[in-house]
Amino acid sequence: MLLAVEGLKMYYGVSNETVKAVDGVSFSLGEAESLGIVGESGCGKSSLAMALLKILPSNARIVDGRILLEGVDIVSLPEERLRRGIRWKKISMVFQGSMSALNPVIKVGEQIAEAIIIHENGVTKKEALERAANLLEIVGLDRSTLKRYPFELSGGQRQRAVIAMALALNPKVLIADEPTTALDVIVQAQILKLLRELKERLRLSIVFISHDVSVISEVSDRVAIMYAGKFVESGNAEAVFLKPSHPYTQALISAVPSIKEPRKTFKYIVGQPPSLINPPPGCRFHPRCPYVMDVCRSEEPPIIEVEKGHFAACHLLGG
Ligand code: ATP
Ligand code: SF4
């Protein structure tokens, strides 16, 4: 398995309290496979993404779990080894809002070439610019984009340039955190198509992160539904979206409008996601769940395999 995450916990310290942003997440990812992680704002998606690269704010800690990349646990690796051999080279990321992270007054080619030169010894500027030009072509931009400034590009072109930069050191795993959020629907569809093509062409494994179920359903071989720091359901995308087992997944899916169906009243999920400082005991979804039972308020539901490779954590499923 290319990437295997086991029981990962990442917490933030705030004053004297602990925000349990990622609280026991496990998944695996094979070569050229895509996993979509979907959940409401604040459920811990971006925290999980940062934990996977071990790019943590100063108040954050990985308190438990392993991140095995080609069998090597990167949680226990020293920063120097991560910087030299892992980050950007094996596992790379398109950050949320990263379109605006390109320096507007440095030419696109210079920025990509610089990323290559900083991370790889012995690459000349000429070689790095040639590689940057190839990368721009791979993401569907003209070589002439090398000489253009980010402010001269459209939103979609900028996002393609950011993806090219994330691919500059030939990573095996790409984490894309809300890669299309700031784009209009047409450009969004083009970027999702590009990411699907890159997955096949470069045998790239991709972790997609989004609050948008329809985006995740477009691009994922497998999906995980995240709620309050935990995965509540995961499996093959088709199985999870066509036969959702967890009440939270059912509510998320029923809240997605379809232009093909007649207008209907959507079942919005009542209530707010819980605080991750003092999450509800038992099942964290219980304050909002229409099927809540007594046991849900005190006992954490076990993870049940509802069908082969399709898992959900809910007391309704027995176990
Ligand atoms: P969004 O899509 O809105 O970014 P998310 O699902 O990615 O949401 P995170 O940003 O990972 O969620 O946040 C998870 C929890 O951690 C939230 O309660 C958030 O307030 C908290 N959090 C995030 N960053 C920090 C930080 N640096 N210090 C303390 N708490 C944080
Ligand atoms: Fe609802 Fe209980 Fe299942 Fe949680 S465990 S989703 S509260 S039925």
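Residues numbered from 1 in each chain as written. Chains lettered and ligands numbered in written order. Predicted model: local features only at pLDDT ≥ 70, side-chain atom pairs only at ≥ 80, totals over all residues. Heavy atoms only, no water.

A. Empty space enclosed by the protein, seen in detail. Summed over the entire model, instances satisfying the criterion amount to one cavity of 30 Å³ or more. A volume near 100 Å³ is recorded for the largest cavity. Lining the largest cavity are 15 residues, and of these Cys 283, Cys 289, Cys 296, Cys 314 and His 315 sit closest to its centre. Split by residue class, the lining of the largest cavity holds 12 nonpolar, three polar and no charged. (1 Å grid on protein atoms, 1.4 Å probe; cavity = no way out; pocket = protein on both sides within 12 Å on 5 of 7 lines; lining within 4 Å. Points joined across faces, edges and corners; volume = space filled by probe spheres on them. Nonpolar A, V, L, I, M, F, W, Y, C, P; charged D, E, K, R; others polar.)

B. Region of the structure containing the domain arrangement of the protein chain. Partitioning the protein chain into structural domains gives domain 1 (3-90 + 171-317) and domain 2 (98-170). For domain 1 versus domain 2, the distance between C-alpha centres works out to 29 Å. Domain 1 puts 19 residues into the contact, and the matching count from domain 2 is 14 residues. Each partner contributes to the roughly 1,400 Å² buried at the junction of domain 1 and domain 2, and carbon and sulfur atoms together form 73% of this total. (Domains from an automatic or database assignment. Contact = heavy atoms within 4.5 Å. Buried area = accessible area lost by both parts, 1.4 Å probe.)

C. Spotlight on the site of ligand 1. Surrounding ligand 1, one finds 16 residues, the nearest of these being Ser 41, Gly 42, Lys 45, Ser 46 and Ser 47. With respect to ligand 1, the backbone of Ser 46 contributes an N or O atom lying 2.8 Å from an oxygen atom. In isolation ligand 1 has 630 Å² of accessible area, and contact with the protein removes 67% of it. Sorting the residues of the shell around ligand 1 by element identifies strand E1 (3-14), strand E2 (17-29) and helix H1 (45-53) as the ones contributing at least two each. In terms of residues, the shell around ligand 1 owes the most to one element, H1, which gives three residues. (Near = heavy atom within 4 Å. Polar contact = N/O pair within 3.5 Å; in protein donor to acceptor, adjacent residues only side chain to side chain. Areas by Shrake-Rupley, 256 points an atom, 1.4 Å probe, with all protein chains shown as cover. Helix = DSSP H or I, 4+ residues; strand = E, 2+ residues; numbered from the N terminus.)

D. The arrangement of the packing of aromatic side chains in detail. A complete count under the given rule lists six aromatic pairs for this structure. Their ring planes at 15° and their centres at 5.7 Å tell us that Tyr 149 and Phe 151 sit as a pair that is stacked. Their ring planes at 80° and their centres at 5.1 Å tell us that Tyr 227 and Phe 285 sit as a pair that is edge-to-face. In this pair, Tyr 227 sits in strand E9 (residues 222-227) while Phe 285 sits in the loop between helix H9 (247-254) and helix H10 (294-298), placing the two residues 58 residues apart along the sequence. Each member of the pair, Tyr 227 as well as Phe 285, is classed as buried. Through pairs of rings, three or more aromatic residues link up here, namely Tyr 227, Tyr 248 and Phe 285. (Phe/Tyr/Trp six-rings, centres within 6.5 Å; stacked < 30°, edge-to-face > 60°. Buried < 20%, exposed > 50% of the residue type's maximum accessible area, 1.4 Å probe, protein only.)

E. Quick look at helix H5 (residues 155-166). The end-to-end C-alpha separation of H5 is 17 Å, in line with the 16 Å expected for 12 residues at 1.5 Å each. Burial in H5 covers these residues: Gly 156, Gln 159, Arg 160, Ala 161, Val 162, Ile 163, Ala 164 and Ala 166. (Expected span 1.5 Å × (residues − 1).)

F. Expanded view of the site of ligand 2. Ligand 2 sits among His 246, Pro 247, Cys 283, Phe 285, His 286, Cys 289, Tyr 291, Cys 296, Pro 301, Cys 314, His 315 and Leu 316. Counting atoms within 2 Å of the grid points, the majority share of ligand 2 lands in the largest cavity. Its residues placed into classes, the shell around ligand 2 shows nine nonpolar, three polar and no charged. (Sits in = over half its atoms within 2 Å of the grid points.)

G. Summary view of unusual backbone geometry. A positive phi is found at Glu 178, a non-glycine position, where the angle reads about 45°. Secondary-structure assignment places Glu 178 in the loop between strand E7 (173-177) and helix H6 (185-201). Unusually for a residue other than glycine, Arg 203 sits at a positive phi of about 55°. Here Arg 203 lies in the loop between H6 and strand E8 (205-210).

H. Inspection of the packing of H5 against H6 at higher detail. Taken N-terminus to C-terminus, the directions of H5 and H6 make an angle of 20°; their axes are 10 Å apart at the nearest point. Between H5 and H6, the angle falls in the class roughly parallel. Viewed along their axes, H5 and H6 form a crossing whose handedness is right-handed. Note on element contacts: H6 touches H5 through Val 187, Gln 190, Ile 191, Leu 194, Leu 195 and Leu 198, opposite Gly 156, Gln 159, Arg 160 and Ile 163. Partitioned by chemical class, the residues of the contact of H5 with H6 number six nonpolar, three polar and one charged. (Axes fitted to C-alpha atoms, helices over the stretch in contact; angles between N-to-C directions. Parallel < 35°, antiparallel > 145°, perpendicular 65-115°, else oblique. Left-handed = near helix turned anticlockwise from the far one by under 90°.)

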